[in-house]
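Notes for the structure review
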Amino acid sequence: MIKISNLYKYFRSLCAVENLSLNISAGEIFGLVGPDGAGKTTTMRLLCGAIKVDSGQINIAGFDIIKQTEQARAQIGYLPQKFSLYEELTVLENLRFFAEVRGLKVEEWKPRCMEILEFVGLEDFTNRWAGKLSGGMKQKLGLAAALVHEPQVLLLDEPTTGVDPVTRQDFWRLIIRLAARGDVVVLVTTPYMDEASRCTRLGFMKDGRLLLEGTPNKLRAQLRGRIMELRGTPLPLLRRLAVQDPDVEDAQMFGDRIHLRVHIGAHEEITNRLEKEIAANRGMMTHLQVVPPQLEDIFMELSVMDSDG
Amino acid sequence: MLNIRLISLIRKEFIQILRDPRTLILVLIIPVMQLFLMGYAATNDVRNVPLAVYDQNRGPAARELLDAYRAADYFSLEYDVDSEDALRDLIDNGDARAGLIIPPDYGEKIQSEENAHVVFVLDGSDPTSASTALSAAQLIGQSKATEIMVERQARLIHSAPISQPLIVHTRVWYNPDLISSYYMIPGVIGTILFALTSILTATAIVRERERGTIEQLIVTPIRPWELVVGKLIPYVLLALFNAVEILAIGVYWFKVPIRGNLGLIFLFSALFLMTSLGIGLLASTLANTQQEAMLTVWMILLPSLFLSGFFFPLEAMPKVLQWISYAIPLRYYLVIIRSLMVKGVGFAALRQEFLALTVFGIAIMTIAVMRFKKRLD
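Thresholds, definitions, all that
Every residue gets a number counted from 1 within its own chain, in the order that chain's sequence is written. As a convention, the first chain written is A and the first ligand written is 1, with the rest following in written order. Two thresholds apply to this predicted model, a pLDDT of at least 70 for residue-level local features and 80 or more for giving and counting side-chain atom pairs, whereas whole-chain, interface and lining totals are computed over all residues. Where helices and strands are cited, they refer to DSSP runs of H or I of at least four residues and of E of at least two residues respectively, numbered from the N terminus. Each radius of gyration reported is based on C-alpha atoms, and the globular scaling rule is 2.2 Å times the count of residues to the power 0.38. Buried, partly exposed and exposed are defined by the number of other C-beta atoms within 10 Å of a residue's own C-beta, namely 20 or more, between the two limits, and 12 or fewer respectively, with C-beta atoms placed from the backbone. The contact criterion used is a C-beta to C-beta distance within 7 Å, with each C-beta placed from the backbone. In a helix, the anticipated span is given by 1.5 Å times the number of residues less one. Two strands pair under a simple rule: DSSP has to find at least two bridges between them. With axes taken as lines fitted to C-alpha atoms, and helix axes fitted only over the stretch in contact, angles between N-to-C directions fall between 0 and 180 degrees. Those domain boundaries reflect an automatic or database domain assignment. Note: pLDDT gives the predictor's confidence per residue, expressed from 0 to 100. Only Asp, Glu, Lys and Arg are considered charged, only Ala, Val, Leu, Ile, Met, Phe, Trp, Tyr, Cys and Pro nonpolar, and every remaining residue, Gly among them, polar. Here is the rule for handedness: rotate from the far helix to the near one, and if that takes an anticlockwise turn smaller than a right angle the crossing is left-handed, while a clockwise turn gives right-handed. Convention used here: angles under 35 degrees read as roughly parallel, angles over 145 as roughly antiparallel, angles from 65 to 115 as roughly perpendicular, and any remaining angle as oblique.

The subject of this paragraph is the overall build of chain B. In terms of helices and strands, chain B carries 14 helices and four strands. Computed over the C-alpha atoms, the radius of gyration of chain B is 29 Å, more than 25% above the 21 Å expected from 2.2 N^0.38 for a compact globule of 377 residues. Principal-axis analysis of the C-alpha atoms gives chain B an extent of 95 × 45 × 40 Å. Within chain B, the fraction of its 377 residues that count as buried is 35%.

Shown next as structure tokens:
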């Protein structure tokens, strides 16, 4: 449904998107993750034709975004990162506006708007000004506006940033329900790894390039056997000693524990060395063992990696 | 066929205008305030200049001269002083703007048919009003002199007073009382229309970009021309509403006549709007924030105000500035609106201005629409 091939986008001399190729089919929820400035938002904007493609091809539901821009756009529902509805218009006025400019007929817009408001759970707020909604409700209204014309391709740019956890859950239930219908494709960017793990497929972007792509399980498998969890006190001392170990590549704090990314097969040596070192420095190690890798571990590994490596 | 997208855009724009107090004030109140301010403040009329008189003669001849000054309402004889120092003090501290000194031998000299001299002192710190007062003072004095001369002649040849050899009959057309609001009010209409429409359209378009709503608009099938037209129509209607509002105040409050065809006034105003809306649209393609858009419009607005002949007569400007003024669209509209309201001319007299405004309107609009993109970059 979304076909991207060899996509390039430059901002002056900076390459914002470099040789991006990706196919996403109906029913998928594709999550795009990566550090700030990786090119996720730029990719979204390229996909909906908001900025010019420098080279490469984008095909949306059979339409070429460069040559058949408007036909392609007609298939797209887009929720930008920044709230992009009219604050002085009420919830219903906003939806009516987008329904009408999207070509819904006079007799169609009202039932469709009510249906979509019920779907996102805003049916009781039809007359409230959009500017007076809470952050989570604004995002739901944004989603409603993006869905009002029943698009096949849904582009969601950080839809849950700044939204409380309960509303985030709501939001994801909506996304999953949409994708479950099987005829819609969802492309979503998110900074949250718990959300990333709900996607059917993930792509990791950095410096404009897609470094890695696959199902969450496949990505996690890449680091199988290479993540150890370390607990004890004091944590800063433990972390400092851990990174000094020759077989430890990286150590990241996760609340009350530390995740070590280690060389495969070096578990015993590390355990022995760290036990001794920590005792010698009057620290205490309560726990050190291999754990299944989390998406965070992948994210950290890829983020700190030199972009040439 | 009805274009739902366009109607929807226009409706949305109107809802936004009606719910935004800032825009409403800008549209409804500011023009009226401007009109009253400029209608009263921006006047070149010189009337009732306070005059201090140092009459050392105090005879009947001197009184006659003072009566002549009193009769014309250019001066009001407010101070009667008895020394030159007192007169100087009054002018120094601004109580009096002019002084008249009549020497002790004034009556004697008039009687004995010699040359009598009086001194008229004028505060020249405001050259505009001073020059008007100066010529008024001279004119009054000269006509008094002629009167005296005619009397002397009559006495000399013992006959009926002879007639003056040359009489200039003056006729001031269109505005016989030289009321400056006849000149100012049409100018104010022009400047308000210009400023309001260009600023409002520029900020209305840039607001979509500033608030990010343009991102959602981009993915809709709205055509760029629909976006432009949908943005312009509400402000054209507002501007025409404003024109009616200002015209009504001009006519009913300031008593400025509309001698020309009202339909023609609206036709030319609509033509002029093409230019001012085009400037607003152009500014919106150059700016990213509403503030930038405002500043960009002001950069065009300010020179327009000064070089259009709104404040200062074009004829008084150096040649170079006069040439530049031909590139100021507002100049032509001011000529048109002043001629239509005060002179009551027909279309034929305004053909050149019509042509100029048409060329400007089409050129600016074309550039603006070509620059207007339905994209973010």
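Now that the structure has been shown, the text picks up again.
Quick look at the overall build of chain A now. In terms of regular secondary structure, chain A is built from 11 helices and 14 strands. In terms of its C-alpha atoms, chain A occupies a principal-axis envelope of roughly 80 × 45 × 35 Å. Expressed as a percentage of the 309 residues in chain A, the buried residues total 41%. The contacts of chain A with a sequence gap of at least 6 include a subset with a gap of at least 24, amounting to 67%.

With 12 residues, helix α3 (residues 60-71) of chain B should cover 16 Å at 1.5 Å per step; its first-to-last C-alpha distance of 16 Å lies within 8% of that length. Residues of α3(B) that are buried sit in contact with β1 (49-55), β2 (75-81), β3 (98-102), α5 (106-111) and α6 (127-157) of chain B.

Further remarks concern the sheet that holds strand β2 (residues 14-24) of chain A. Residues and elements named next belong to chain A. Spatially, the four strands line up as an open sheet ordered β2-β1-β4-β5, and their pairing is antiparallel. Each of the sheet's edge strands pairs with one partner strand only, and the pair in question is β2 and β5 (63-64). As paired strands, strand β1 (residues 2-11) and strand β4 (residues 55-60) are joined by five bridges and run antiparallel to one another. When the sheet's bridge partners are listed, Tyr 8 is paired in β4 with Ser 55. Against the sheet, helix α1 (residues 40-47) touches β1, β2 and β4, its axis set at about 65° to β2.

All names here are of chain A. Here the amide bond leading from Thr 233 into Pro 234 is cis, since omega sits at -15°, within 30 degrees of zero. In this structure, Pro 234 sits in the loop between β11 (227-233) and α9 (235-244). Of note in the backbone geometry, Ala 61 takes a positive phi value of approximately 50° without being a glycine. For Ala 61, a count of 17 C-beta atoms within 10 Å gives the class partly exposed.

Parsing chain B into structural domains produces domain 1 (8-43 + 179-371) and domain 2 (49-157). For domain 1 of chain B versus domain 2 of chain B, the separation of C-alpha centres amounts to 48 Å.

Residues and elements named next belong to chain B. Of all residues in chain B, 97% have pLDDT values of 70 or greater, and the mean over the chain is 88. The lowest-confidence element of chain B is α6, averaging 83 in pLDDT; the highest-confidence one is helix α14 (residues 351-371), averaging 94. Across the interfaces of the predicted complex, the ipTM metric reaches 0.84, alongside a pTM of 0.81.

When the domains of chain A are assigned, the result is domain 1 (2-220) and domain 2 (225-291). Here the C-alpha centre of domain 2 of chain A lies 41 Å away from the C-alpha centre of domain 1 of chain A.

Moving on, we come to the interface of chain A and chain B. Facing the 26 residues of chain A at the interface are 21 residues of chain B. Among the elements of the structure, α2 (69-74), β6 (76-79) and α3 (91-101) of chain A are those that each provide at least two residues to the side of chain A that touches chain B. For the side of chain A that touches chain B, the per-class residue count stands at 15 nonpolar, two polar and nine charged.

So, on to the environment of B:Glu13. Residue and element names in this part refer to chain B. Structurally, the position occupied by Glu 13 is in helix α1 (residues 4-19). The spatial distance from the C-alpha of Glu 13 to the C-alpha of Asp 95 is 54 Å, given a sequence separation of 82 residues. If we skip the residues at most four places from it in the chain, Glu 13 touches Gly 230, Lys 231 and Pro 234.

Residues and elements named next belong to chain B. Interhelical geometry of helix α7 (residues 181-211) versus helix α10 (residues 262-286) gives an angle of 35° and a closest axis separation of 7 Å. The crossing of α7 and α10 is right-handed. Of the residues in α10, those in contact with Leu 193, Phe 194, Thr 197, Ser 198, Ile 199, Leu 200, Thr 201, Ala 202, Ile 205 and Val 206 of α7 are Ser 269, Phe 272, Leu 273, Ser 276, Leu 277, Ile 279, Gly 280, Leu 281, Ala 283 and Ser 284. For the contact of α7 with α10, the residue count by class is 13 nonpolar, seven polar and no charged.

Okay, the pairing of strand β10 (residues 209-214) of chain A next. Residue and element names in this part refer to chain A. Here strand β9 (residues 201-206) runs beside β10; their pairing, made up of five bridges, is antiparallel. Note on β10: the bridge partner recorded for Lys 206 is Arg 209. Between β9 and the antiparallel strand that follows it, β10, lie two residues; Asp 207 among them carries a positive phi value of about 50°.

Here we take up the environment of B:Phe14. On the secondary structure map, B:Phe14 appears in helix α1. Judged by local crowding, B:Phe14 falls into the partly exposed class, with 14 C-beta atoms found within 10 Å.

So, on to the packing of α3(A) against helix α5 (residues 135-147) of chain A. All names here are of chain A. Following both chains from N to C, one finds α3 and α5 inclined at 25°, their axes separated by 9 Å at the closest point. Relative to α5, the element α3 is oriented roughly parallel. As α3 runs across α5, the sense of the crossing is right-handed. Contacts between α3 and α5 involve Val 91, Asn 94, Leu 95 and Phe 98 from the former and Leu 141, Ala 144 and Ala 145 from the latter.

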